[in-house]
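Notes for the structure review
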Protein chains: 2
Amino acid sequence: MERKKIAIVGVGLIGGSLALQLNEKGIAAGLIGVEASEEHAKRALELNLVDQILPLDEAVQQSEVIILAIPVDQMNQLLPQILDRISNQIVFDAGSTKEHLVELIKDHPKRGRFVATHPMWGTEYSGPQAAVKQAFENKAVVICDANDSDADAVNWVKKLYGKIGMHLLEMESGAHDLHAAYVSHISHITSFALANTVLEKEKEDRAIFEMASAGFESTVRLAKSNPAMWVPIFRQNRENVLDVLNEHISQLRKFKSCLEKENYEYLQELIENANKIRRIIK
Amino acid sequence: MERKKIAIVGVGLIGGSLALQLNEKGIAAGLIGVEASEEHAKRALELNLVDQILPLDEAVQQSEVIILAIPVDQMNQLLPQILDRISNQIVFDAGSTKEHLVELIKDHPKRGRFVATHPMWGTEYSGPQAAVKQAFENKAVVICDANDSDADAVNWVKKLYGKIGMHLLEMESGAHDLHAAYVSHISHITSFALANTVLEKEKEDRAIFEMASAGFESTVRLAKSNPAMWVPIFRQNRENVLDVLNEHISQLRKFKSCLEKENYEYLQELIENANKIRRIIK
């Protein structure tokens, strides 16, 4: 594929991990970072994630591709401004919500230069020091509303994701946000709430620390995730998240009711039903 | 440590993994399996987990140590019967709940021969084929009510756990059950309920399969756990589990209320509080 000069806006967990892959796979003819945080900018250079840090305007001017890897609230503010400034560059995002974002720019004269994407990878850590080599490999990336983007832009972005080892899914923004609420956003809420539950009930840190099993660690790991990233996601995807959260509370109430009424036959059924997740998650 | 002839009652995930460790560390002078399931018995022999499978009575007679690795409801039935039959053997269990079990045998003349233990390790799989080498290493094992057991029995069991790489914690049965509800049992309920939530809401298996992130997989992994093991645990530890489950539902309602009222400041606070789990779980 054609190497291009690339600017990454937000050199944190996602932007930094993308930078590592773009370097490794020889996709970038030069990598410019844009960072609001001076500390992150310094760290991104120290870690050789990008070649240089520039102000947004200069980065946009000097790049053929602009990647947005910033929290989704900042994305909503910045994307229209960037589209105002580009000529024929390709712009794509790596955010976790899409519907509001594409609505904001639907009538923009440069709409076609933007490709809405969501690489389904992340960890509970953040910042440039959290960047991981070989991230994204064998994970899914969702391309949303591809028909609203110019063909050359979509094709180049697809090639990029293919080259870093992701498999492509295409869907509408609305469907994406719905599925993302089910297979990603609700997991974060349950994990945050589980951490708060245990911190509230278990006053002995030492007992948690010493007794915590691998099972507890895996269910609570996401609770370490950054609120600067997650508050905007829940805000952007509020209705879908509320819908699945209501269902989740009602599912938990079934377990509660079984225990209160000592209805162990139904408890067995609830668990057998949950076991069906085996057919989907190996 | 002195090698002893050991019987393992229940050669499944826990019993089988213990068998592998006892063989590897040269702790057993012979391993006898006791299995209610013919299929599991056959598989345990094929996998060389134990030297032979015997009926319970013969196994008890021919062993110096009897390990109980069966669901906690069966444990309650079987332990008194086994104590009726032993002379001076050491008996210990590997179950996830303790309070009711020790209450049942508190006046048994052989109470001192029993050591109540909970090695804090497991996976979401079950049966002898789920047995794992080097399981238990660097995990905690809780020894409950050690003062109610004979010193020689406790010492030998502690040496065994030390030799397979576990670190020892001691506490009362009641405290154990409370902490276990917080750092293990509630995680399983949240994971079962999350699986049921997603299976209920997401009618497109393919979307879950393709989009499921590592985060979703880690929060839902425990939902594959065996009801034959978990229904009895929730039943035995009903009051503690209900208590922590009520707290968990109320924590989830806080997230719901934030989203309903669009109170993103409080949502931020809830997540920042959850982040405190970082000080405990690295």
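Worth saying up front: this structure is predicted, and the values here are computed from it rather than measured.

**Focus on the relation of the copies chain A and chain B**
With an RMSD of 0.0 Å, the operation that places chain A on chain B is a rotation of 180° combined with a shift of 0.0 Å along the axis. In the structure described here, the two chain copies are related by an operation that fits a two-fold rotation axis. Within chain A, A:T219 has its C-alpha nearest the rotation axis, a separation of 2.2 Å. Mapped onto chain B, 100% of the interface residues of chain A are again interface residues, and the two copies thus contact each other with one and the same surface.

**A short note on the sheet that holds strand β1 (residues 4-9) of chain B**
Residues and elements named next belong to chain B. The strand order β3-β2-β1-β4-β5-β6-β7-β8 describes an open sheet built from 8 strands, whose pairing is mixed. One side of each edge strand has no neighbouring strand; the edge strands of this open sheet are β3 (52-53) and β8 (167-171). This element, helix α6 (residues 151-163), spans β5 (90-93), β6 (114-119), β7 (140-144) and β8 of the sheet and lies at about 25° to β6.

**A short note on the sheet that holds strand β4 (residues 65-68) of chain A**
Each strand in a sheet pairs with another by means of backbone hydrogen bonds, the pair being arranged parallel or else antiparallel. Residue and element names in this part refer to chain A. Spatial strand order, β3-β2-β1-β4-β5-β6-β7-β8: 8 strands in an open sheet with mixed pairing. This sheet does not close on itself; its edge strands, each paired only once, are β3 (52-53) and β8 (167-171). Two strands pair when backbone bridges link them, and strand β2 (residues 28-34) and β3 are joined in this way by 2 bridges, in the parallel orientation. Of the residues in β3, the one forming a bridge with G33 is I53. Of the strands in this sheet, β1 (4-9), β2 and β4 are in contact with helix α1 (residues 13-24), which crosses β2 at around 165°.

**Comments concerning the pairing of β2(A)**
All names here are of chain A. In terms of burial, β2 is a largely internal element, 5 of the 7 residues being buried. Bridge count between β1 and β2: 5 bridges; the pairing is parallel. Within β2, the residue paired with K4 across the bridge is A28. Chirality of the crossover, the property in question, places the unit of β1, α1 and β2 among those that are right-handed. Read as a crossover between parallel neighbours, the route from β2 over helix α2 (residues 38-46) to β3 is right-handed.

**Side note on the domain arrangement of chain A**
Residue and element names in this part refer to chain A. What the domain assignment lists for chain A is domain 1 (4-172) and domain 2 (176-279). Between the C-alpha centres of domain 1 and domain 2 there is a distance of 30 Å. Each partner contributes residues to the interface: domain 1 has 15 residues there, and domain 2 has 16 residues. Taken together, the elements giving at least two residues each to the side of domain 1 that touches domain 2 come down to α4 (72-85), α5 (99-104) and β7 (140-144). By residue class, the composition of the side of domain 1 that touches domain 2 is 5 nonpolar, 5 polar and 5 charged.

**Points about the environment of A:H248**
When you line up the elements, A:H248 lands in helix α11 (residues 238-261). Judged by the 26 C-beta atoms lying within 10 Å of it, A:H248 falls in the buried class. Taking C-alpha positions, A:H248 is 37 Å from A:K163, a pair spaced 85 residues apart along the chain. Excluding residues that lie within four positions of it along the chain, A:H248 makes contacts with A:I186, A:T190, B:A193, B:L194, B:T197 and B:L252.

**Quick look at the interface of chain A and chain B**
Listed per partner, the contact involves 80 residues of chain A and 80 residues of chain B. Elements with a minimum of two residues in the side of chain A that touches chain B: β7, α7 (173-201), α8 (205-211), α9 (214-220), α10 (227-236), α11 and α12 (264-274) of chain A. In terms of residue count, the dominant contributor to the side of chain A that touches chain B is α7(A) (20 residues). For the side of chain A that touches chain B, the class distribution of residues is 44 nonpolar, 19 polar and 17 charged.

**With respect to the packing of α11(A) against helix α7 (residues 173-201) of chain B**
The N-to-C vectors of α11(A) and α7(B) enclose an angle of 130°; their axes lie 9 Å apart at closest approach. When the axis of α11(A) is compared with that of α7(B), the two are oblique. Where α11(A) crosses over α7(B), the handedness of that crossing is right-handed. Residues A:V244, A:E247, A:H248, A:Q251, A:L252 and A:F255 of α11(A) touch α7(B), and the partners they reach there are B:I189, B:A193, B:L194, B:N196, B:T197, B:E200 and B:K201.

Scoring rules and cut-offs
- Here the residue index of a chain counts from 1 through its sequence in written order.
- Following the order in which they are written, the chains are lettered starting with A and the ligands numbered starting with 1.
- Per-residue local features are limited, in this predicted model, to residues with pLDDT of at least 70; the limit for side-chain atom pairs, both in listing and counting, is 80 or more; totals at the level of whole chains, interfaces and linings are taken over all residues.
- The atoms used to superpose the copies are C-alpha atoms, taken from residues with pLDDT of at least 70 in both, and the fit is least squares.
- By definition, residue pairs are in contact when their C-beta atoms, positioned from the backbone, come within 7 Å.
- Here the rule is simple: two strands pair whenever DSSP picks up at least two bridges between them.
- Every helix listed is a DSSP run of H or I at least four residues long, and every strand listed is a run of E at least two residues long, numbered separately from the N terminus.
- Convention adopted: a line fitted to C-alpha atoms gives each axis, helices being fitted over their contacting stretch, and angles between N-to-C directions are expressed from 0 to 180 degrees.
- Here exposure depends only on C-beta density: within 10 Å of a residue's C-beta, 20 or more other C-beta atoms make it buried, 12 or fewer make it exposed, and intermediate numbers make it partly exposed, the C-beta atoms being placed from the backbone.
- Looking down the strands as they point away from you, a crossover is right-handed if its path from the first strand over the helix to the second goes clockwise.
- By convention here, the domain bounds are inherited from an automatic or database domain assignment.
- Only Asp, Glu, Lys and Arg are considered charged, only Ala, Val, Leu, Ile, Met, Phe, Trp, Tyr, Cys and Pro nonpolar, and every remaining residue, Gly among them, polar.
- Angular relationships are summarised with four words: roughly parallel below 35 degrees, roughly antiparallel beyond 145, roughly perpendicular across 65 to 115, and oblique for the angles in between.
- Here a crossing is called left-handed whenever its near helix is offset anticlockwise from the far helix by less than a right angle, and right-handed whenever the offset is clockwise.

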